[in-house]
Amino acid sequence: MGRALIIDPFSEQEQVAAVSISGNSSKRSALLKDKRIKKLEEELTLAHADALAFSQEQEAFIEELQSANEEIVSSNEELQTVNEELETSKEEIESTNEELTTSNQELQTRNDLLNESYEYSKAIISTLHEPMIVMDRNLRVKTANKSFYKAFGVKEEETEGILLYDLGNGQWNIPRLRELMEDIVPKNNFFYDFEVRHVFPVIGEKVLQLNANKVFQKSIGEELILLSINDITDLVMLQEKDKEVLKKDIQESKKSNRALEKAVKERTMELRLANSVLAEKNIELEKMNNELQAFTFVSSHDLQEPLRKIQTFADRILETENKNLTDSGKNYFRYLQTSAERMQALILDLLTFSRINATDRKFKNMQLRKLVDEVLVDLQEQIEEHKAVIEVNENCEVYIIPFLFRQVLHNLLTNALKFSKKNVPQHIVIQCQKVHSGEVVELHSLSQGNYSHISISDNGIGFKNEFREKIFEVFQKLHSKDEYAGTGIGLAIVKKIIENHNGVIFATSEINKGSTFDIYIPVK
């Protein structure tokens, strides 16, 4: 930097003034003034040179400052970039650290699971009932379960690390086992149910069933062989005994077969004789059927003809000779007519009963309501006489022989009307629905399947329930002919028709509480 020049013009002026004031001459004053001016000019020139040098130094300094500032700015930008890179690296390091933490946790979890699996497998092996040993690829025992030690009388320290064939003083040095382990195992990953019979020094002769499987542990690069041993000695001995028994049974069976063949021949001769007798019986039965048909013809014609004549002549006598007959005579003729009518009804019922089996079985599906309506038309007078109400609650289709089933409905409704209470309107309810044989106890003895259940109930006089089977027998009547007319065949006809439909009928009743007849016939 240059020298600093300080100029004080006011002191010089004061000096000039002082000179002037002191009475110096004007000439001297001019000289001093010029001298002072010249000095001032020199000093000014020197000051200007110093200022110029200072300005140049200042400009150089400013340029250096600007260059330094630019370098600082550049360095700052580089530092900013480095800082950003460091921030990025920090984030990457943090992310990598989190991944490593997660991986570490996963590895720890897997390690825990592996330990649990190992402990679990070890627990399974130790608790297995069958003896089991785990060997390495050189057939040296790594571990064995308690069942193995117990079954073969060896200790843990005598087993682990020992070659399989050296176990128990060489008791496992079995030729077939050696062949299997040294030949089959290296070629295959497993074998099952390999049977070995061997005499062990301590436990005697045993029959063993061996199962082996190779397991490769990738995590440690180790190959293990699992060998399970199942003692089937008792089973084999039992089978051998069974074979001996079977041989004896076969021999005895052969003897029995010879005896059976002899008995069959004898029985065949007896059957031939029985068939011959049966053929003769069939011929006799055909004769009897022919006689029965002849009787049926006689019953339908020859027996009914005298009855019709009796009825006709009795009617004529009552009409023409009514005046000549006494009251008792008239009663006798009326009894005669009633008896003839009962006899004719009995013959007709017997004919119906005998013809049921001979009827052509032409089944068809029909609506039960249609048959009921037809029967109600026939019974219209009796219904009005008893002031009966007949109610059909449910209708269904039934697989029946129409004219025979019409007879069933006719007989059951006639009975319901006949056995009504005095002065009480008869109420008859008819219902029909489909049921399965498994749902009804009474049908368990029949073929499994669906059935039509037809129920006819009334509020009549009823009967003791102990007679529920007896009423279906021929000529069985619970009341005298004077109380209720009838031949005692009506319900027998009903039962026989239902049986021809491969069905069943049941009756339940109670005195003065009405009766119910339940019919079950198969659905087609």
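Notes on the structure in this doc start here. Small disclaimer: the values here were computed from a predicted structure and weren't measured. (Residues numbered from 1 in each chain as written. Predicted model: local features only at pLDDT ≥ 70, side-chain atom pairs only at ≥ 80, totals over all residues. Heavy atoms only, no water.)

For the rest of this paragraph, the subject is the pattern of salt bridges. Counted under the stated rule, the structure contains 7 salt bridges. In this structure, the salt-bridge partner of Lys 206 is Asp 231, at a minimum N-O distance of 3.5 Å. Of the two residues, Lys 206 is situated in strand E4 (residues 204–217) and Asp 231 in strand E5 (residues 222–231); the sequence distance between them amounts to 25 residues. On the accessibility criterion, Asp 231 (41% relative accessible area) is partly exposed. (Salt bridge = Lys/Arg side-chain N within 4 Å of Asp/Glu carboxyl O. Helix = DSSP H or I, 4+ residues; strand = E, 2+ residues; numbered from the N terminus. Buried < 20%, exposed > 50% of the residue type's maximum accessible area, 1.4 Å probe, protein only.)

All right, on to helix H10 (residues 402–418) then. Think of an α-helix as turning once every 3.6 residues; residues three or four places apart then point the same way. With 17 residues, H10 should reach 24 Å at 1.5 Å per residue; the first-to-last C-alpha distance of 24 Å fits that figure. Counting buried positions along H10 yields 12 of 17 residues, so the element is predominantly enclosed. Along H10, the residues that are buried comprise Pro 402, Leu 404, Phe 405, Val 408, Leu 409, Asn 411, Leu 412, Leu 413, Thr 414, Asn 415, Ala 416 and Leu 417. (Expected span 1.5 Å × (residues − 1).)

What follows deals with the sheet that holds strand E2 (residues 141–144). Backbone-to-backbone hydrogen bonds pair the strands of a sheet. The strands run either parallel or antiparallel. Spatially, E2-E1-E5-E4-E3 is the arrangement adopted by the 5 strands of the open sheet, whose pairing is antiparallel. Among the strands making up the open sheet, the edge pair consists of E2 and strand E3 (190–200). Ignoring which end each strand starts from, the neighbouring axes of this sheet average 25° apart. (Pairing = 2+ DSSP bridges. Axes fitted to C-alpha atoms, helices over the stretch in contact; angles between N-to-C directions.)

The next thing to look at is the packing of aromatic side chains. Under the definition given, this model contains 7 aromatic pairs. For the ring pair Phe 148 and Tyr 149, a centre distance of 6.1 Å and an interplane angle of 70° mean the geometry is edge-to-face. Given a relative accessible area of 14%, Tyr 149 falls into the buried group. An angle of 15° between the planes, with centres 5.2 Å apart, marks the rings of Phe 363 and Tyr 399 as stacked. Of this pair, Phe 363 sits in the loop between helix H7 (327–355) and strand E6 (364–367) while Tyr 399 sits in strand E8 (residues 397–400); the two residues are 36 residues apart in sequence, bridging distant segments of the chain. Residue Tyr 399 is classed as partly exposed on the basis of its relative accessible area of 24%. (Phe/Tyr/Trp six-rings, centres within 6.5 Å; stacked < 30°, edge-to-face > 60°.)

The values are spatial; any link to function lies outside them.
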